[in-house]
Each structure stands twice: as structure tokens, then as C-alpha cells.
Amino acid sequence: MSMSASTAFTTAIVPAAGLGTRFLPTTKAVPKELLPVVDTPGIEYVAAEAAQAGAARLVIVTSPGKDAVAEYFRPQPELEKTLEARGKTALLDKVRRAPGLLEVETAIQEQALGLGHAVGCAEPNLRPEDEAVAVLLPDDLVLPNGVLSRMAAVRAEFGGSVLCAFDIPREQISAYGVFDVEDTGDDDVKKVNGMVEKPPADEAPSTFAAAGRYLLDRAIFDALKRITPGAGGELQLTDAIAMLIADGHPVHVVVHRGDRHDLGNPGGFLRAAVDFALDHPEYGPGLRAWLRDRIDAE
């Protein structure tokens, strides 16, 4: 069955059930997905990326008590009325931006049993026509936008599942899930024969590492039911993908040549905030001057 790249998926899953332990004590009260990169939470950037690539629905997988993440995407009529009355139209546009992106619903992950388990929790939210789903990890900001659309085009050509990869310097590779790949006719598209989690640098099968973007054929949900707990006693998404490969299901990666930020730890989060702030017309010039002075003073 042929499909156009633009309709490769209409549903995106964002796993947001984690405790945000690296951001404690803040995350006692505020979900880490809502921490602001300058003034906009990471999850809005991820939702906007999904919408831009054709998603009409976002399924946020949350844990009990993390309602604030989905709430962020609901309209706030009282706040909007106040801003309107005060003539604050620019702010009003910002407040309306997230609810206008796409339809948002939630799935609850009762226990933290791993990324594979979290993705599996979204299966009841799928519709019969969902032949594939996008999965976006909110800790990963992949810049510039567009890799999901490229991944959709690769699925249209080869079928199966498509993942995003970054080409990482070999000395840093042991921190990542690494793909065992073979070439296709396109330098930025590789066929995946396997995956290795966090290999020693000299044993890594390539320098292509997994980034938090997946376009998964619906067959993944069957594989997720068949895997057993892996590393850390969790159900690993990579184990389910490995099972699909073993079953002969085509899996490819798109190598993304842009940038990325890891919002999952305070160091990476700060880099993202500084990067975005430096590009901000209001805050950039002052921050740049202050940083220069601050660094020169050391």
C-alpha cells in the first residue's frame, strides 16, 4: 500500500511520565516538561515540531498527578479575557499558541517501567487508521525542525520504522544507543541491522547514535507485548525495535546534521536556555554583553 510522506502519521506520542529527579527539588511541584527555555516550555517546542510534520493529535503519557502538562495545552479563557482587556495582544497570541497546535489527550503510566512501557500505554489512544505513530522524547530538542518530515519520506520509500540518528564523535559514543548500519544510496539514510546500548567506544558498531525521534510502524505495539524486561528491569523500546528487525521488519535511520539540546539534565537545559536567549531580540544583546563580562572577570 503506498502512502504519501505527508500522511505517514497523524498521531504523535510524547512520553512525559518521568519524575524529573535531576531537577529536584523543583520537580516536586513543577513537571520538568514545563520548565521554561527562556519563556516557553520544552514540551511546546516538541508539540510544535510534531504539528509541523503533520500530526493532528498529541498523546502525552503522564504519571498520576502530572496533570499540569496536559493542562498547558488547554485554553485559559479567564487569562485570555484579562490580557485582551489590557490590550496585551502579543501575550495573548503566546498564550493561545500551544492550545492551537493540535488536539491533546493523555494516557497514564501508573508505574515507571521504562520508555517501551510508556509508549505501550498510548496504544488504547490510537485509532484504526494509525498505521504509524511518531514518538518524540521531550528531553531532546532537535534543531532545526524538519527531521520528522524527512523520516516520513523515508518510511514512504522503504516502509517499516524510521528513527533519527546523530553522528557523534567516537570518544563520546559510549553514552548512547548506537546503530549497527549499512549504507543505502543516500548518505543520510542508513538501513539498521541492530542496536547496541552504550557500547565501549572501540566496540561501537558505528558513530550513529539514537536521538529522541521515532516514526514507528504500528507493529511496534505487538513487539512491546512480547519483550521481557531488559536494562534496569524496564521494558526498553530499543529491545522492541530489535525484535522487529529480527522479524525482518525494515528499520532505517535518518542522520540529522543539525543541532540538539538535552533538556533532561540541568547542564544541558542551561545550554539550551542560553542558546535560545542569545537569539532572542529582546534578551540576546544584553545577555551576550553580560556573558562576555562575566567570563572575562574570571
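Residues numbered from 1 in each chain as written. Predicted model: local features only at pLDDT ≥ 70, side-chain atom pairs only at ≥ 80, totals over all residues. Heavy atoms only, no water.

- By the naming in an unreviewed UniProt entry, the protein goes by UTP--glucose-1-phosphate uridylyltransferase and is assigned to Actinokineospora iranica.
- The protein has a UniProt comment under Catalytic activity (unreviewed entry) that states "alpha-D-glucose 1-phosphate + UTP + H(+) = UDP-alpha-D-glucose + diphosphate".
- In its Sequence similarities (unreviewed entry) section, the UniProt record describing the protein reads: "Belongs to the UDPGP type 2 family." (UniProt positions renumbered as here; feature names shortened; annotations may be inferred.)

Digging into helix 6 (residues 147-158)
Next, step 1: Taking 1.5 Å as the rise per residue, helix 6 with 12 residues should run 16 Å; its terminal C-alpha atoms sit 16 Å apart, in good agreement.
Next, step 2: Where helix 6 is concerned, the buried positions are Val 147, Leu 148, Met 151, Ala 152, Val 154 and Arg 155. With its buried residues spanning 160° around the axis, helix 6 presents them on a single face.
Next, step 3: Gly 159 sits one or two positions beyond helix 6 and adopts a positive phi of about 75°. (Helix = DSSP H or I, 4+ residues; strand = E, 2+ residues; numbered from the N terminus. Expected span 1.5 Å × (residues − 1). Buried < 20%, exposed > 50% of the residue type's maximum accessible area, 1.4 Å probe, protein only. Arc of directions from axis to C-beta.)

Focus: unusual backbone geometry
Next, step 1: Put simply, Leu 24 and Pro 25 share a cis peptide bond, and its omega is 10°.
Next, step 2: Tracing the backbone shows Pro 25 in the loop between strand 1 (11-15) and strand 2 (36-37).
Next, step 3: A cis geometry characterises the amide bond from Leu 143 onward to Pro 144, with omega recorded as -15°.
Next, step 4: Relative to the assigned elements, Pro 144 resides in the loop between strand 7 (140-143) and helix 6.
Next, step 5: Phi is positive for Val 38, which is not a glycine, with a value near 65°.

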